[in-house]
Amino acid sequence: MKISIIGTGYVGLVTGTCFAETGNYVTCIDIDKGKVDSLMSGKIPIYEPGLEVLFQRNQREGRLKFTTNLTEGIKGSTVIFLALPTPPNEDGSADLNYVIDVAGKLGSLISEYTIIVNKSTVPVGTTELVRNTVSQKANFEFDVVSNPEFLREGVAVEDFMKPDRVIIGTSSEKAADLMKELYAPLVRQGNPVLIMDERSSEMTKYAANSFLATKITFMNEVANLCEILGADVDMVRKGIGTDSRIGKRFLFAGIGYGGSCFPKDVQALAKTADEANYDFKILNAVMSINESQKIKLIQKIKTYFNQDLKEKTIAVWGLAFKPYTDDIREAPSLANIQELVKEGAVVKAYDPEAAENVINLSLPKVVVCKDEYEALKDADALLIVTEWPVFRTPQFERMKSLMKNRVIFDGRNLYELDTMRKYGFNYISIGRKEIHD
Ligand code: NAD
């Protein structure tokens, strides 16, 4: 099949590359010329494990092309995917301008039956909106399909190539058949392709992300109570995670969720509910808890240093919103750094992949270091924000010799309490006993 992808970011590039890998001829379109130039010269502008091998093979074999030209890019394509940004508006609703702008152009550009597939996360009713927008200028038959994406950054290729399920929202049998054909190579193990109405499909994406954000937040609340009552949230996690009704995943307590999806999707669903005059109470609680959870350790750092962080040097390990990505959108690290700097501290930060993105922000009083140990030199404390594997078994003796104070504030519960005792660290984590000399 010949297909086009409009928007070549995390979702668009992975979608395009993976569909090329299954034998389709794919053109990825983006308005960012720098990004397209880089891709055309064989360089991927994001960090995504496993993507490069597929990208290079398919580009070399002529199945994966890039352009900034929309007219050229969609020529001859049966299926056009929209993988465009849907950032939050000030009131929390999803900004649909990117999607509607492109839809407005597509009408006059399609010259045969075309399926326009929306992969962006969009509120219920957007498929209809896109259809109406395209139809204003369209002279040919077309269908608009909702096909939300569930890939996770960091494991995006694996998620895309082996999806738990594929959701296709359409009432057109013709479109559904073509979509099933396109996805068939990815669901050979029998994972379902669920065909449903457009509105349910759009809602499924928001419900999935909001549920996961709620699960994380619930566990963070349990952790906060564990701290007060002297219980250990890690034990509680194991205790409840083994219950098959609950499941082991998304139960790790920490300093909140971030990233380009959970925060904006929870907000957007709350706004949708608001507009429908439905008081979706739990979502409002989730958002407010997560905001305070993100900077929960700042209070503890301040207490530790008698409310005075002026000229204190705080090492921060982890800047990406989660491991295996360079994405810093809505990363808890940024909220923490902002608070630390506001209190007068100097931050020495390290991240295996997201360093450059933070350097580009030119944050005052923030030094981005070349490795985790450089960040620790003369640090008054270490704050762990992202659970990169490299932080899990560090050289504790070396850490001690580099730091001014042996104190770790761990937002991801990376270490056993006994290990911290053994090495003589003061150790403050989430939902567990604090260790002090
Ligand atoms: P992104 O910001 O990484 O990529 C979007 C791309 O679209 C950018 O490269 C931008 O330059 C391009 N673009 C903007 N306007 C354009 C136009 N008019 N024509 C062509 N290109 C244009 O965003 P993303 O993370 O890939 O997310 C895209 C959508 O997918 C969002 O709705 C998001 O919520 C959803 N989503 C994201 C993820 C994720 O993990 N990132 C997962 C599932 C769903």
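Owing to the predicted nature of the structure, the values given are computational and were not obtained by experimental measurement.

Calculation criteria
- Residues numbered from 1 in each chain as written.
- Predicted model: local features only at pLDDT ≥ 70, side-chain atom pairs only at ≥ 80, totals over all residues.
- Heavy atoms only, no water.
- Domains from an automatic or database assignment.
- Contact = heavy atoms within 4.5 Å.
- Buried area = accessible area lost by both parts, 1.4 Å probe.
- Salt bridge = Lys/Arg side-chain N within 4 Å of Asp/Glu carboxyl O.
- Polar contact = N/O pair within 3.5 Å; in protein donor to acceptor, adjacent residues only side chain to side chain.
- Axes fitted to C-alpha atoms, helices over the stretch in contact; angles between N-to-C directions.
- Helix = DSSP H or I, 4+ residues; strand = E, 2+ residues; numbered from the N terminus.
- Left-handed = near helix turned anticlockwise from the far one by under 90°.
- Near = heavy atom within 4 Å.
- Areas by Shrake-Rupley, 256 points an atom, 1.4 Å probe, with all protein chains shown as cover.
- Nonpolar A, V, L, I, M, F, W, Y, C, P; charged D, E, K, R; others polar.
- Buried < 20%, exposed > 50% of the residue type's maximum accessible area, 1.4 Å probe, protein only.

Novice: Any chance you could explain the domain arrangement of the protein chain here in plain terms?
Specialist: By convention, interface size is frequently given as the accessible area that disappears when the constituent parts associate. Entries for the protein chain in the domain assignment read domain 1 (2-196), domain 2 (205-292) and domain 3 (295-428). Each of domain 1 and domain 2 has a C-alpha centre, and these two points are 29 Å apart. Contact residues are listed per partner, giving 16 residues for domain 1 and eleven residues for domain 2. Between domain 1 and domain 2, the buried area comes to about 1,100 Å², and carbon and sulfur atoms account for 58% of it. Of all residues in domain 1, Gly 92, Thr 121 and Phe 150 bury the most surface against domain 2, accounting for 36% of the area lost on that side. Viewed at the interface, domain 2 and domain 1 are joined by one salt bridge. The partner of Lys 271 in a salt bridge is Asp 91, with the nearest N and O atoms 3.7 Å apart. Put simply, domain 1 and domain 2 have three residue pairs in polar contact (both at pLDDT 80 or more) between them.

Novice: What am I meant to see in the packing of helix α5 (residues 97-109) against helix α6 (residues 126-135) here?
Specialist: Each pair of packed helices can be described by the angle between their axes along with the distance between the axes. Contact geometry of α5 with α6 gives a least axis separation of 7 Å together with a crossing angle of 35°. As for how α5 packs across α6, the hand of that crossing is right-handed. Facing Val 99, Ile 100, Ala 103, Gly 104 and Gly 107 of α5, the residues of α6 in contact are Leu 129, Val 130, Thr 133 and Val 134.

Novice: Explain the side chain of Thr 325 here, please?
Specialist: Locating Thr 325 in the fold gives a position in the loop between β9 (313-317) and α14 (332-342). Reaching out from Thr 325, the side chain makes a polar contact with the side chain of Glu 153 at a distance of 3.3 Å. Only 3.1 Å separates the side chain of Thr 325 from the backbone nitrogen of Asp 327, close enough to count as a polar contact. Discounting chain neighbours no more than four positions away, the residues touching Thr 325 are Tyr 10, Tyr 47, Glu 153, Ala 320, Glu 353 and Trp 388.

Novice: Would you mind showing me how to read the site of the ligand here?
Specialist: As a matter of local geometry, the ligand sits amid 27 residues, with Asp 30, Lys 35, Thr 86, Glu 153 and Lys 264 nearest to it. Here an oxygen atom of the ligand sits 3.4 Å away from a polar atom, N or O, in the main chain of Leu 84. Separating an oxygen atom of the ligand from a backbone N or O atom of Thr 121 is a distance of 2.9 Å. Calculation on the ligand without its partners gives an accessible area of 830 Å², and the protein chains cover 90% of this total. Mapped onto the shell around the ligand, the elements with two or more residues apiece are α1 (10-21) and α5. Per-class residue counts for the shell around the ligand are twelve nonpolar, seven polar and eight charged. Mapped onto the domain boundaries, the shell around the ligand takes at least three residues apiece from domain 1 (2-196) and domain 2 (205-292).

Novice: So what exactly am I meant to see when it comes to the environment of Ala 223 here?
Specialist: Locating Ala 223 in the fold gives a position in helix α9 (residues 198-229). What makes Ala 223 buried here is its relative accessible area of 0%. Sequence spacing of Ala 223 and Arg 237 is 14 residues, and the spatial spacing of their C-alpha atoms is 9.4 Å. Setting aside residues up to four positions removed in sequence, Ala 223 forms contacts with Val 233, Ala 253, Ile 430 and Gly 431.

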